[in-house]
Amino acid sequence: MDVRKLPAPMKRVVHLGSRSYGRLTAPGRMTPAFLICGGQRCGTTSLYRAMAGHPVVLKAVLHKGVHYFDTNYQRGMAWYKGHFPLVRSAEKVGERYGVTPQTFESAPYYMYHPQAAARIARDLPEAKLVVLVRDPVERAYSQHHHEVARGFETERDFGAALALEPARLHKQEDKLAENPEYYSFSHQHHAYRARGEYARYLSVMAQHVGRERIHVVESERFFSDPEPVYDEICEFLGLPSYLERPAFERHNARPRQSDMDPGLRRDLTDYYLPHDEALAPWLSRMPVWRS
């Protein structure tokens, strides 16, 4: 049964039943070996589909993103584990391929929520993190278009939305860091400029989980030449890349109604230069969008 094709009311019933069953069987379920943690609008859905196509990778049940470590942490670890495959299912896959299976999920907001990295370090002490980064100018523009299309952004002009960002985000990160139960809609959906300051977020993640457990990939490389990037990720995760290769497809791309204002593009490109330079050590060179 393809849950995605069900009517919304029936889909909710299926999801609720699956979560309830999952929570009851949590002790016998897998724990994620890796997470795709961002960034937003950087191709995480496409990478998720590619990794879910690996023969010994078992994806999360029903959802690609559980959003446990950002917006659902209060639900507890049993609720979280209920989203993943049963250990006995993994054992059957392992017997077939002679490789220990892994499970995972993908939630781009994990990279940005102030408490997510510490929670991941505490609850998944051995999990590895895969992070996609993209030209931050293009990423910001894409996110704005995406939020407008989903009805989460009422300001349809990108430049105006950027101008609103400081007021919208004022002290939101501090409140999220101080209060585990606090939720900020603007922090999750309206941080267009801030989301492209990749090195800042990577530094926080590294402080909690360790630099050696984070692998950074440029989206441009993944989309232009996916096979070697896929092989690199498999090597990082300890997965054999020589088994059946998945189909590499692009998902969640939205057609644009117009190009960005050239002056605004120049301003953003200048703004991100020091942030791109700070990202360079993670890539062992300047990002491809600066070449």
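Residues numbered from 1 in each chain as written. Predicted model: local features only at pLDDT ≥ 70, side-chain atom pairs only at ≥ 80, totals over all residues. Heavy atoms only, no water.

Draft legend 1. Region of interest: the overall build of the protein. Counting its secondary structure elements, the protein contains 13 helices and 5 strands. Counting only residues that meet the buried cut, the protein has 51% of its 291 residues in that class. Here the analysis covers contacts within the protein between residues at least 6 apart in sequence; of these, 76% occur between residues at least 24 apart. Counting every atom, the protein has about 14,100 Å² of accessible surface; 51% of that belongs to carbon and sulfur. (Helix = DSSP H or I, 4+ residues; strand = E, 2+ residues; numbered from the N terminus. Buried < 20%, exposed > 50% of the residue type's maximum accessible area, 1.4 Å probe, protein only. Contact = heavy atoms within 4.5 Å. Areas by Shrake-Rupley, 256 points an atom, 1.4 Å probe, with all protein chains shown as cover.)

Draft legend 2. Just the sheet that holds strand β5 (residues 214–218), in detail. Taken in spatial order, the 5 strands line up as β2-β3-β1-β4-β5 in an open sheet, and their pairing is parallel. Each of the sheet's edge strands pairs with one partner strand only, and the pair in question is β2 (57–59) and β5. Going from strand to strand, the sheet's axes swing by 25 degrees on average, the running direction of each strand aside. Looking at chain direction, strand β1 (residues 34–36) and strand β4 (residues 128–133) are connected through 3 bridges and run parallel. Opposite Leu-35, over in β4, you have Leu-129 as the bridge partner. (Pairing = 2+ DSSP bridges. Axes fitted to C-alpha atoms, helices over the stretch in contact; angles between N-to-C directions.)

Draft legend 3. Summary view of the pattern of salt bridges. Within this structure, the stated rule accounts for 10 salt bridges. Across the salt bridge formed by Glu-147 and Arg-150, the nearest N and O atoms sit 3.1 Å from each other. Judged by its relative accessible area of 2%, Glu-147 is buried. What makes Arg-150 partly exposed here is its relative accessible area of 38%. (Salt bridge = Lys/Arg side-chain N within 4 Å of Asp/Glu carboxyl O.)

Draft legend 4. Summary view of the environment of Ala-191. In this structure, Ala-191 sits in the loop between α9 (185–189) and α10 (198–209). Using a relative accessible area of 1% as the deciding quantity, one classes Ala-191 as buried. Taking the C-alpha atoms as reference points, Ala-191 and Ala-140, separated by 51 residues in sequence, lie 8.4 Å from one another. In contact with Ala-191, other than residues within four places in its own chain, are Arg-139, Gln-143, Glu-165, Leu-169 and Ser-186.

Draft legend 5. Up close: the nonpolar core. Ranked by internal contacts, the top residues of the largest apolar core, which has 63 residues, are Met-51, Phe-69, Tyr-80, Tyr-110 and Ile-214. With near-sequence residues (within four places) excluded, Phe-69 lies in contact with Leu-35, Tyr-80, Glu-105, Tyr-110, Ala-116, Arg-119, Ile-120, Asp-123 and Leu-124. Membership of the second largest hydrophobic core comes to 10 residues, among which are Phe-158, Leu-162, Tyr-192 and Leu-268. (Core = buried A, V, L, I, M, F, W, Y, C linked by side-chain atoms within 4.5 Å.)

Draft legend 6. Up close: the side chain of Glu-147. Relative to the assigned elements, Glu-147 resides in helix α6 (residues 136–149). For Glu-147, the side chain forms a polar contact with the side chain of Arg-150, separated by 3.1 Å. With residues up to four places along the chain from it excluded, the contact list for Glu-147 reads Phe-152, Glu-153, Gln-188, His-189 and Tyr-192. (Polar contact = N/O pair within 3.5 Å; in protein donor to acceptor, adjacent residues only side chain to side chain.)

Draft legend 7. Quick peek at the pairing of β4. When you tally the buried positions in β4, you get 5 out of 6 residues, the bulk of the element. Relative to β5, β4 runs parallel, the two being bridged by 5 bridges. Paired with Val-130 across the two strands is His-215, which belongs to β5.

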